[in-house]
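Here's the letter readout for the chains.
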Amino acid sequence: MLIIGCDYHPGFQQIAFVDQETGECGERRLSHREEAEQFYRALLGQKVRVGMEASGHARWFERLLNELQFELWIGDAAEIRSKRVRKQKTDRQDAQLLLRLLIEDRFPRIWVPDAENRDLRQLLWHRHRLVQMRTRVMNQLHVVALNEGLRRKKALWRAAGRQELESIALAPWASRRRQDLLDLLDRLTPKIQQLTGALEEEVEKRPVTRRLATHPGVGPLTALAFELVIGTPERFHCGKQIASYVGLVPTEESSGDRRRLGHISKQGNVLLRFLLVEAAQVTVRSQPEWRSKFFHLAMRRGRKIAKVAMARKLAVHLYWMWRQGHDYGQLQKLGSHAGEPGNPDGGQ
């Protein structure tokens, strides 16, 4: 087998390789994309394993290796960094380190979603960004209306409210700004509706997503994002690992008798963390027990920390629903009963 350690950069890659059968080894610097494609295609027919750190801007490279049926191992960049002993850091040394970890069977390989999963994530991100753009446009139009004494809140987007907004007499450039913003709004809304329809069609094909969406406050978008990002519940042993994976646990710097907790780590998928926080707030408004817990935490620690705590609780609930194959009603009946009178161990 030919083993290659690849230090990947957007414009080039530095590789170190060794052939386990012949003992031949070497190093090369390959420019993207022509030189790199030529090098790997020349290896077609051999058994090849490539190891690289997790990074962006490498989709074309992953597709190339998949087309050639080469093994691609993606490694945890933080763990790989911790295995570097020398103070010097160069591209050659990084490639040699990756190669050594592969040969010694110490490469910290991570789970990588398949092509279909990644493509569906693009649907979620695209819709999310368009919604953000539409919100910014709507906020600017609200400012235009407020400056002219028109305060309609959500009614501004109904037919009567929009007619009032368009009838306001403005200076030439202010009028141009209003019209351009309205045109942008009219173009964004149909696109978002189309993406929402595509998202709902995808949800209907996924029993796991439909089951997760039975939780109060969790809609199709949050449920689908949770399934795509988590991938499979067997990757995690408990709810604490889920909370850590999505970046909803505090950073910690403790030593001896001193324990110091900081802000949440914010590691993991940004979109899923945002959706969990938004969904948790809806759950708090609709569920009395969640609302009680939220206000208790808010009085002690503040509303921001309470929101994050509810999002973490929601992530753990969704994890156990998925892992146990239960919808929300079954989770309520068969979930934890720890702390109840006569039931100190939590069993029902």
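Structure: above.
Source: prediction; values computed, not measured.

Here is what the cut-offs are and how they apply
- Residues numbered from 1 in each chain as written.
- Predicted model: local features only at pLDDT ≥ 70, side-chain atom pairs only at ≥ 80, totals over all residues.
- Heavy atoms only, no water.
- Core = buried A, V, L, I, M, F, W, Y, C linked by side-chain atoms within 4.5 Å.
- Buried < 20%, exposed > 50% of the residue type's maximum accessible area, 1.4 Å probe, protein only.
- Helix = DSSP H or I, 4+ residues; strand = E, 2+ residues; numbered from the N terminus.
- Contact = heavy atoms within 4.5 Å.
- Pairing = 2+ DSSP bridges.
- Salt bridge = Lys/Arg side-chain N within 4 Å of Asp/Glu carboxyl O.

Draft legend 1. Summary view of the nonpolar core. With 59 residues, the main nonpolar core has Leu165, Leu212, Phe226, Leu276, Leu314 and Leu318 as its most contacted residues. Counting only elements with at least two residues in this core, the list comes to helix 5 (115-147), helix 7 (172-204), helix 8 (207-212), helix 9 (220-230), helix 11 (270-286), helix 12 (288-301), helix 13 (303-324) and helix 14 (328-334). A total of 11 residues in this core trace back to one element, the largest contributor, which is helix 13. For Leu212, the residues in contact, after removing those within four places along its chain, are Val218, Ala223, Phe226, Leu318, Met321 and Trp322. Grouped together as the second largest cluster of nonpolar side chains are 22 residues, Tyr8, Tyr40, Met52 and Ile74 included.

Draft legend 2. Examining the pairing of strand 2 (residues 12-19) more closely. Most of strand 2 is tucked away: eight of the eight residues are buried. Every second residue of strand 2 is oriented toward a common face, with Phe12, Gln14, Ala16 and Val18 on one face and Gln13, Ile15, Phe17 and Asp19 on the other, all of them buried. Counted along the chain from strand 1 (residues 2-8) to the antiparallel partner strand 2, the turn is three residues long. Both strand 2 and strand 3 (residues 25-31) contribute to a ladder of seven bridges, which runs antiparallel.

Draft legend 3. Structural detail: the pattern of salt bridges. Evaluation of the coordinates by the stated rule reveals 19 salt bridges. Its salt-bridge partner being Glu35, residue Arg28 comes within 3.5 Å of it at the nearest N-O pair. The partner of Arg162 in a salt bridge is Asp186, with the nearest N and O atoms 2.7 Å apart. Placement of the pair is Arg162 in helix 6 (residues 159-167) and Asp186 in helix 7, with a sequence separation of 24 residues. Residue classification places Arg162 among the partly exposed positions, given a relative accessible area of 23%.

No statement about biological role is implied by the geometric values presented.
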